[in-house]
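# Topology and contacts: notes
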Amino acid sequence: MAHKISDECVSCGACQATCPVEAIKEGEGKFVVDADVCVDCGACEGACPTGAIQAE
Ligand code: SF4
């Protein structure tokens, strides 16, 4: 399991620095969570202004 960033993402990048394992990277049109790196801590969820980040 990992957290996932939906299409609500506006690529603001606010979540990126909150991830302790650097699982969040900028993708095409939105940011993406590398599911192989994410440890499901949930730290990024509250950082997203559009609520785009949720547990899968
Ligand atoms: Fe990083 Fe935690 Fe968010 Fe996973 S849930 S992307 S480990 S901050």
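Located above this text is the structure these notes cover.
Described in the following lines is the structure provided in the data block. As the structure is a computational prediction, the values presented were derived from the model and not from experiment.

About the thresholds
Residues numbered from 1 in each chain as written. Predicted model: local features only at pLDDT ≥ 70, side-chain atom pairs only at ≥ 80, totals over all residues. Heavy atoms only, no water. Helix = DSSP H or I, 4+ residues; strand = E, 2+ residues; numbered from the N terminus. Rg over C-alpha atoms; globule rule 2.2 N^0.38 Å. Near = heavy atom within 4 Å. Nonpolar A, V, L, I, M, F, W, Y, C, P; charged D, E, K, R; others polar. Salt bridge = Lys/Arg side-chain N within 4 Å of Asp/Glu carboxyl O. Buried < 20%, exposed > 50% of the residue type's maximum accessible area, 1.4 Å probe, protein only.

## Description of the overall build of the protein
- When you go through the protein residue by residue, the secondary structure sums to 0 helices and 4 strands.
- The N-to-C order of helical and strand elements in the protein reads β-β-β-β.
- Against the globule reference of 10 Å for 56 residues, the protein gives a C-alpha radius of gyration of 10 Å, in line with a compact fold.
- If you line up the protein on its principal axes, its C-alpha atoms span 25 × 20 × 20 Å.

## Some details on the site of the ligand
- Around the ligand sit 13 residues in total, of which Cys19, Cys38, Cys41, Gly42 and Cys44 are the nearest.
- In the shell around the ligand, the residues fall into 10 nonpolar, 2 polar and 1 charged.

## Describing the pattern of salt bridges
- Under the defined criterion, the tally for this structure stands at 2 salt bridges.
- Between Glu56 and Lys4 there is a salt bridge; the shortest N-O distance is 4.0 Å. Of this pair, Glu56 sits in the segment after β4 (53-55) while Lys4 sits in strand β1 (residues 3-5); the two residues are 52 residues apart in sequence, bridging distant segments of the chain.
- In this structure Lys4 comes out as partly exposed when scored by relative accessible area, which is 48%.
- A salt bridge links Asp7 to Lys30, with the nearest nitrogen and oxygen atoms 3.5 Å apart. Placement of Asp7 in the loop between β1 and β2 (24-26) and of Lys30 in the loop between β2 and β3 (31-33) is noted, with a sequence separation of 23 residues between them.
- Judged by its relative accessible area of 67%, Asp7 falls in the exposed class.

## Thoughts on the environment of Gly51
- With respect to the helices, strands and loops of the structure, Gly51 is situated in the loop between β3 and β4.
- A relative accessible area of 36% means that Gly51 is categorised as partly exposed.
- Residues Gly51 and Thr18, spaced 33 residues apart in sequence, show a C-alpha to C-alpha distance of 15 Å.

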